[in-house]
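# Reading the structure
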Amino acid sequence: MYYFIVVLCGCFSRFVVCDTEPVYVDPSEIDGLESLYNNTNGTLWNWRYGLEYGPVWTFPPINSPCSQDVNGQWQGLECFCISNGNGYNCTVLGILLSGYNLRGNVPSQLELLSNVVNLHLSNNYLFDTNLSFICGLSMLQAVDISESQLFSYIPTCISAASSLTYLDLSTNNMYGTLPSELGQLVSVEIMYLYENMLTGSLPAEIGLLSSLESLNLAINNFIGTLPSELGQLVSVEQMFLYENMLTGSLPAEIGLLSSLVLLNLAINNFIGTLPSELGQLVSVEQMYLYENMLTSTLPSELGQLVSIEIMYLNENMLTGSLPAEIGLLSSLVLLNLAINNFIGTLPSELGQLVSVEQMYLYENMLTSTLPSELGQLVSVEIMFLYENMLTGTLPSELGQLVSIEQMYLYDNMLTGSLPAEIGLLSSLVLLNLAINNFIGTLPSELGQLVSVEQMFLYENMLTGTLPSELGQFVSIEIMYLYDNMLTGSLPAEIGQLVSVEQMYLNDNMLTGFLPTEIGLLSSLFTLALYENMFSGTIPSAL
């Protein structure tokens, strides 16, 4: 929120008693204030009470709106005053009534306050307002009428506010197209028009906003392609265009946005290739392109994004292998390439992403083995590689992932035994290795996973007995071991799983008596033991 306030009166303060000299405000300005008051149900405004807020508005005025006495200027106003020798000549510079419960419409008579530079009317109920009143306020520098249920179009005459630097009309019911005249607001730095019902194509003239630093047009109904002129916005740092219906290819000129820090084009209908020029965005820290229809491979030039921390490219139709250059993204914290059509191997260079905390590569067609270099991801907390076609064994180096909390590798074609090193994952909360081809026994080291709450190992070919060390799972709530070839009896230590709520051991080859300790599972509400070879009676505690 920008304020532009100039005070030339030495005693201009609500907290200092000034000389009670005449204060002159043009009667037309008072008329404009009265019209605003009457048209927005001023008798029900939410006034703030206390000396620091100033007096409430009264008509006819009891004191000047820009009073210099102990009570100060009217609440919600900012004034500019200058001494004339006998008193003060004042004019209203700011109307700051955000959240004051204005209800109705902002009248055209507001243009009588022709010197206003700050207009903040957000969080009100201005549903009957037509924004054409802005056209008479050519001195405006900051406008915030967000979240006020506006139902209006953007008038072409908004270009008259040539000094405007801040415009926020977000979260309203604005309709119609963006007028090309917006391009004449060459001083504007912040433009927020998100969460409205704006339609049509983005005008090419938007590229003339040479001072623009933050552009948010998200959650509207814009259609058409991105104009290549967007590449002229050399000062823009944030660009939000997500949740529209934009189409076509991403223009190569997007790579000219040298100041860009955040780019969000998600949830549109973009098609075609990812332009290699994206690699020129060396300042970008966050990139959101998910839920589009982008095809092609990942350009190797993406490896030049040395500042990027968050990259969402999921839910597209991207193909080809993951380029080795992805390992150059040394600042990357979150990588999401899920739900695409990537094929080929996982590059060993992924292990160079030592800052990554979340990695999502699920629902692709990746083949090959898990590279041992994944064990170098010492910061990773979430690793989702499920629903691919990964083969080979779990590398023992995965035991070095000391920060990992969730590991999803289910629905692949992984084989071999579970490495004992899996017990070193002391931060692990959720482990899902289901629907693979693992063989061999459950390592006793699993019992070291004292933080694990959910474990899914179902639909493998695991053999051997249940290790008694499973009783050390003091935090486990869900345990799915069904559809394996486990043998032997249930260890008595199973009764120590005081937090377990769901336990599925069905469809194995377990034998023997059910231990009476099973009755100690006080949190249990689902126990599946069918399709085994247990004998004896059901413990009475069940």
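Everything discussed here concerns the structure shown above.
For the structure given in this document, a descriptive report is provided here. (Residues numbered from 1 in each chain as written. Predicted model: local features only at pLDDT ≥ 70, side-chain atom pairs only at ≥ 80, totals over all residues. Heavy atoms only, no water.)

Once that is clear, we can look at the side chain of Ser-214. Along the chain, Ser-214 turns up in strand β10 (residues 214-216). Looking at Ser-214, the relative accessible area reads 4%, which means it is buried. Residues within four places of Ser-214 in sequence aside, it is in contact with Glu-189, Ile-190, Met-191, Tyr-192, Val-236 and Gln-238. (Helix = DSSP H or I, 4+ residues; strand = E, 2+ residues; numbered from the N terminus. Buried < 20%, exposed > 50% of the residue type's maximum accessible area, 1.4 Å probe, protein only. Contact = heavy atoms within 4.5 Å.)

The strand order across the open sheet built from 3 strands is β19-β21-β23, with neighbouring strands paired in parallel fashion. The open sheet has two edge strands with one neighbour each: β19 (319-320) and β23 (365-366). With 2 bridges connecting them, β19 and strand β21 (residues 341-344) associate as parallel partners. Considered in β21, the bridge of Gly-320 is made with Phe-342. (Pairing = 2+ DSSP bridges.)

The buried fraction of strand β3 (residues 88-96) is high, at 8 of 9 residues. Where strand β1 (residues 23-25) meets β3, 3 bridges bridge the pair, whose relative direction is parallel. Along β3, the bridge assignment pairs Val-23 with Tyr-88. The pairing of strand β2 (residues 77-83) with β3 spans 7 bridges and is classified as antiparallel. Counted as the bridge partner of Cys-81 is Cys-90 from β3. Following β2, the chain reverses through 4 residues before pairing antiparallel with β3; Gly-85 in that reversal takes a positive phi of roughly 95°. Direction of pairing for β3 relative to strand β4 (residues 118-120): parallel, over a ladder of 3 bridges.

Within the largest apolar cluster, 145 residues are counted, with the highest numbers of intra-cluster contacts made by Trp-57, Ile-95, Leu-119, Ile-145, Leu-370, Leu-394 and Phe-473. Those elements giving two or more residues to this core turn out to be α1 (27-39), β2 and β3. Among all residues touching Leu-394, those that are not within four sequence positions of it are Leu-370, Leu-409, Leu-414, Thr-415, Leu-418, Pro-419, Ile-422, Leu-433 and Phe-438. One finds Tyr-288, Phe-384, Tyr-408 and Phe-456 within the second-largest nonpolar core, a separate group that totals 23 residues. (Core = buried A, V, L, I, M, F, W, Y, C linked by side-chain atoms within 4.5 Å.)

Next up on the list: the packing of aromatic side chains. Aromatic rings in a pair are described by how distant their centres are and how their planes are angled relative to each other. Within the structure shown, the criterion is met by 33 aromatic pairs. Aromatic ring contacts, followed pair by pair, group Tyr-37, Trp-45, Trp-47, Trp-57, Phe-59, Trp-74 and Tyr-100 into a single cluster. Cation over ring: Arg-48 sits above Tyr-100, and NZ or CZ is 3.9 Å from the ring centre. Looking at Arg-103, its charged tip hangs above the ring of Tyr-125, at a distance of 4.0 Å from the centre. (Phe/Tyr/Trp six-rings, centres within 6.5 Å; stacked < 30°, edge-to-face > 60°. Lys NZ or Arg CZ within 6 Å of the ring centre and 35° of its normal.)

Attention now goes to a nonpolar patch on the surface. On the surface, Ile-439, Met-461, Met-485, Met-509 and Met-533 cluster together into a nonpolar patch covering about 420 Å² of accessible area. Tracing the chain through its elements places Met-509 in the loop between β31 (502-504) and β32 (511-513). By relative accessible area, which is 35% here, Met-509 ends up partly exposed. (Patch = residues over 30% accessible without salt bridge, like charges linked within 9 Å, V, L, I, M, F, W, Y side chains within 5 Å. Areas by Shrake-Rupley, 256 points an atom, 1.4 Å probe, with all protein chains shown as cover. Salt bridge = Lys/Arg side-chain N within 4 Å of Asp/Glu carboxyl O.)

Turning our eyes to something else, we now look at the pairing of strand β15 (residues 269-272). Bridge count for strand β13 (residues 247-248) against β15 is 2 bridges, and the pairing is parallel. The partner of Thr-247 across the bridge, within β15, is Asn-269.

There is a patch of like negative charges on the surface, built from Glu-147, Glu-195, Glu-243, Glu-291, Glu-315, Glu-363 and Glu-387. Here Glu-363 shows up in the loop between β22 (358-360) and β23. (Lys, Arg positive; Asp, Glu negative; His and termini not counted. Charge placed at Lys NZ, Arg CZ, Asp CG, Glu CD.)

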